[in-house]
Amino acid sequence: MPSPLTRDGLILAVILFALGLAGVLVRRNVIFVLMSLEIMLNAAGLAFISAGARWHQPDGQVVYLFILAMAGAEVAVGLALVLALYHQNRSLDADAASRMKG
Amino acid sequence: MLDWLWLIPALPFAGAALLLLAGPRLPRAAVAVVGVVSVGISAVLAGAIAASFLMHPPAGAFEQHLWTWMAVAGFQPEIAFYLDPLSLIMILVVTFVAFWIHLYSAGFMAGDEGYSRFFGYMNLFVASMIVLVLADNLLLLYLGWEGVGLCSYLLIGFWYRDPANGRAGQKAFIVTRAGDVAMAVGLFLLFHGLGTLRIPELLARASAEWPAGSPLAIAAAALLLGGALGKSAQLPLQTWLPDAMAGPTPTSALIHAATMVTAGVYLIARTHTLFELAPPVQLAVALIGAATLLLAGFSGLVQNDIKRVLAYSTMSQIGYMFLALGVGAWSAAIFHLMTHAFFKALLFLAAGIVIEALHHEHDIRRMGGLRRALPVAFWTFLIGGCALAGLPLVTAGAYSKDWIIASTAPHRALWICAIVGVVLTSLYTFRLIVLVFLGPMRTPVSKRPGYAMQIPALVLAVLSILGGFDRGPFRTWMASVFPAQPERPEIASQIAASLAFLIGLGLAIPYARRSAVSLLERFWAAGWGFDWLYDRLFVRPIVWAARIDRADAIDSIYRGAASATRSAWHGLALTQTGKLRWYAAAIAGGSILFLAVVIFL
């Protein structure tokens, strides 16, 4: 039986993940999409930490550090892409950048 | 020395491989060197092997086994070469004439953009022909046979930008293919009946197991004859040869002199035992030869394209060879093959000089008076023409042709055909010379030939005169290959042929000057209507059948597959909306689906 802390942590992670996913799907502004992605990443990180606490292992926190590093890199690349997109389209609307349709 | 035999086909083949794979990246000079030298070394090797063969003749024949091609339950064709006096004389002629043609091409094709492609194909052509000649079994011979056919297609359609050239190449390929199919069936029959395709064994078994005139022997010989008719452009498969003039002139020289059209004559001479077992087929060979030589002679009289005249003359000279084969004068046929290779290569090379000097003008009515402008072309063409027409006592062509005519003496009708053929040959040859080189000049000369083009013509001119003088050694040499033939007095035939030559020569000048064209002449000019007939008989019914058969059941399977693919493409293309959020939704939905499958199943 997991401890209440683990259970609450996992529930919070699920809520955060769902919020993030909803943001990615609903928001049209690319900056907000990126921010929602960050929320999803952090939700996944919270799930790892909760699970690590459940089995008294440091692995969960180690993975969270990896996720942090990856999130930093992702933001760097993502913002560069957002800038390039803005130069191209003069807008931050994700739906406006649809020239690659089949 | 004889062990180096394999190098003779290997060198041109290696040259072809190098030129076709790396040709465009080589400098032009290197291309010419690779193309010419590979054949040149082959020719030198062939000469050295011939000398060694003559000085220390091996018992019977020299055989070289390289490796076993395949081995399937008793069927074991080998890559092996068989050198006897017949194949020796053939490789000498092929490599030697081909070398001079290659040297000439280095000058003739100098400005062409497909320089390396051209030499690659030419080398492959020579290599295939050598394989054909040296082959120890009929399957390897067939490989060379098809290689020659392929290269003729590639070279006739060499200038592929003009669709007419491509069509001429296809015609050559398809018409000879009709004969090749017959030959393939003949090989099946021979293997089925005799259990081997090795030529010496096959011939020995055939004469041991099949009585003369047995149906199997007749069928096998007739099927092989079919193949020979296609390759050698004899009636009724002769229609491709005049159209083959679409290729570059050195190609025509190679096809007509050293390779391709002589293959049929060689095949029949090689398997002569089989034809002796089938007297009706042998008689058919003689009749076809006589018919072709007359038909081609009449067509040659009225052509206005310099190369088409030469094409019809080749057809008619090969007809003489078939005539000789048909009456059993095997050595005479091979002798004429050799002299014909010299003078016909010479005629094409000289014609090529003329054609290039006049800016690719082929029409002899617009030529004339080139005697002073192009002296080398004039004198060499004159020598070649005299050899072709059979100027008595002097030229090689006269000796070889007289031998054939004398051999036909027991068959009065064939003999008369042969003599009439001499009149025709002399008539169209000198009409050509009068129109092209004498009279007023009609087109100015724009380009003089270089040494690379003149020297081969001069060498071949010398051979066209000296090549036929003494046939005593040739006769003794061939005695080990062919059955002995009674010596016939030739003097009557020689006198008749000389008279025929003079009649043709005398008629040529008034004939060349006239301009009216009768209906009969237009019929001859169209090749006796064979193209028209085949178009009605074969081409149109097949095109018609293909058109009504456009939507049959089998086609609809493939068409269904194609349309299913197309609608799948339409459906999948719809999902590519270009909208980022739809992709993200699809990824999320897909992940949820997979997780659900993993958890609940």
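Residues numbered from 1 in each chain as written. Chains lettered and ligands numbered in written order. Predicted model: local features only at pLDDT ≥ 70, side-chain atom pairs only at ≥ 80, totals over all residues.

With that out of the way, let us pick up the overall build of chain A. When helices and strands are tallied, chain A shows 3 helices and 0 strands. Starting at the N terminus, the α and β elements of chain A follow one another as α-α-α. Here chain A has a C-alpha radius of gyration of 17 Å; the compact-globule value for 102 residues is 13 Å, and the former is much larger. Each of the three principal axes of chain A carries a C-alpha extent, and together these read 50 × 25 × 25 Å. Within chain A, the fraction of its 102 residues that count as buried is 14%. Considering only contacts within chain A whose residues lie at least 6 apart along the sequence, 51% involve residues at least 24 apart. (Helix = DSSP H or I, 4+ residues; strand = E, 2+ residues; numbered from the N terminus. Rg over C-alpha atoms; globule rule 2.2 N^0.38 Å. Buried ≥ 20, exposed ≤ 12 C-beta atoms within 10 Å, placed from the backbone. Contact = placed C-beta atoms within 7 Å.)

Our focus in this paragraph is the overall build of chain B. Scanning chain B from terminus to terminus reveals 26 helices and 2 strands. In summary, chain B has a C-alpha radius of gyration of 28 Å against a globular reference of 25 Å for 601 residues, a match within 12%. By its C-alpha atoms, chain B is 105 × 65 × 50 Å across when sized along the principal axes. Relative to its full complement of 601 residues, chain B shows a buried share of 53%.

Residue and element names in this part refer to chain B. One can find leucine 424 in helix α19 (residues 412-437). By C-beta crowding, leucine 424 is classed as buried, having 24 other C-beta atoms within 10 Å. Expressed as a C-alpha distance, the spacing of leucine 424 and glycine 300, which sit 124 residues apart in the sequence, is 8.3 Å. Residue contacts for leucine 424: discarding those within four places in its chain leaves Gly297, Phe298, Gly300, Leu301 and Gly504.

Contacts between chain B and chain A engage 10 residues on the former and 10 residues on the latter. Of all the elements, helix α26 (residues 580-600) of chain B adds the most residues to the side of chain B that touches chain A, at 5 residues. A class-by-class count of the residues in the side of chain B that touches chain A yields 5 nonpolar, 3 polar and 2 charged. (Nonpolar A, V, L, I, M, F, W, Y, C, P; charged D, E, K, R; others polar.)

With that settled, consider the domain arrangement of chain B. Taken as a whole, chain B is organised into domain 1 (278-522) and domain 2 (526-560). Between the C-alpha centres of domain 1 of chain B and domain 2 of chain B there is a distance of 38 Å. (Domains from an automatic or database assignment.)

So, about the nonpolar core. Counting residues in each nonpolar core, the largest one holds 210 residues, and the members touching the most others are Val94(B), Val97(B), Ala258(B), Leu323(B), Ala333(B), Ala345(B) and Val354(B). Other than its neighbours up to four places away in sequence, Ala345(B) contacts Val97(B), Trp100(B), Ile101(B), Ala253(B), Ala257(B), Ala258(B) and Leu460(B). Counting 7 residues, the second-largest nonpolar core is a separate cluster that includes Leu21(A), Val30(A), Val33(A) and Met40(A). (Core = buried A, V, L, I, M, F, W, Y, C linked by C-beta atoms within 7 Å.)

With that out of the way, let us pick up unusual backbone geometry. When glycine is set aside, most residues are seen to have a negative phi, and most peptide bonds are trans. Each neighbour pair has its own omega, and for Leu235(B) with Pro236(B) the value is 0°, a cis peptide bond. Tracing the chain through its elements places Pro236(B) in the loop between α8 (215-231) and α9 (240-243). Positive phi is not limited to glycine here, since His56(A) has a value of about 55°. By secondary structure assignment, the location of His56(A) is in the loop between α2 (30-54) and α3 (59-89). The class of His56(A) is exposed, set by 6 C-beta atoms lying within 10 Å. For Ala233(B), which is not glycine, the phi dihedral falls at a positive 55°. Turning to its location among the elements, Ala233(B) is positioned in the loop between α8 and α9. You can call Ala233(B) buried: it has 30 C-beta atoms within 10 Å.

The next subject is α26(B). End to end, α26(B) covers 30 Å across 21 residues, agreeing with the expected 30 Å (1.5 Å per residue, within 8%). Of all 21 residues in α26(B), 0 are buried, a share of ten percent or less. (Expected span 1.5 Å × (residues − 1).)

Turning to the packing of helix α5 (residues 138-156) of chain B against helix α6 (residues 163-194) of chain B, a few remarks are in order. Residues and elements named next belong to chain B. Running from N to C, α5 and α6 point in directions that differ by 170°, and their axes come no closer than 8 Å. Our classification of the angle between α5 and α6 gives roughly antiparallel. Across the interface between the two elements, Leu138, Leu139, Tyr142, Trp145, Glu146, Gly149, Ser152, Tyr153 and Ile156 of α5 pack against Asn165, Ala168, Gly169, Ala172, Phe173, Thr176, Asp180, Leu187 and Leu190 of α6. Residue composition of the contact of α5 with α6, by class: 11 nonpolar, 5 polar and 2 charged. (Axes fitted to C-alpha atoms, helices over the stretch in contact; angles between N-to-C directions. Parallel < 35°, antiparallel > 145°, perpendicular 65-115°, else oblique.)

Per-chain confidence: chain B averages 85 in pLDDT, with 99% of residues scoring 70 or above. With pTM at 0.78, the complex prediction returns an ipTM value of 0.87. (pLDDT = per-residue confidence, 0-100.)

Here we come to the packing of helix α2 (residues 28-55) of chain B against helix α3 (residues 85-108) of chain B. All names here are of chain B. Where α2 meets α3, the closest approach of the two axes is 9 Å, and the angle between their N-to-C directions is 155°. With respect to α3, the element α2 is oriented roughly antiparallel. Remark: the crossing between α2 and α3 carries left-handed chirality. Only Leu88, Ile91, Leu92, Thr95, Phe96, Ala98, Phe99, His102, Leu103 and Ala106 of α3 make contact with α2, whose side of the interface consists of Ala32, Gly35, Val36, Val39, Gly40, Ser42, Ala43, Ala46, Gly47, Ala50 and Phe53. When the residues that make up the contact of α2 with α3 are grouped by side-chain class, the tally is 15 nonpolar, 6 polar and no charged. (Left-handed = near helix turned anticlockwise from the far one by under 90°.)

This brings us to helix α10 (residues 249-258) of chain B. Each turn of an α-helix holds 3.6 residues, which means side chains three or four residues apart point in the same direction. Residues and elements named next belong to chain B. The buried fraction of α10 is high, at 10 of 10 residues. Here α10 has its buried residues at Thr249, Pro250, Thr251, Ser252, Ala253, Leu254, Ile255, His256, Ala257 and Ala258. Packed against the buried residues of α10 are α3, α4 (115-134), α5, α11 (261-270), α14 (306-326) and α15 (330-357). Residue methionine 260 follows α10 closely and has a positive phi angle near 60°.

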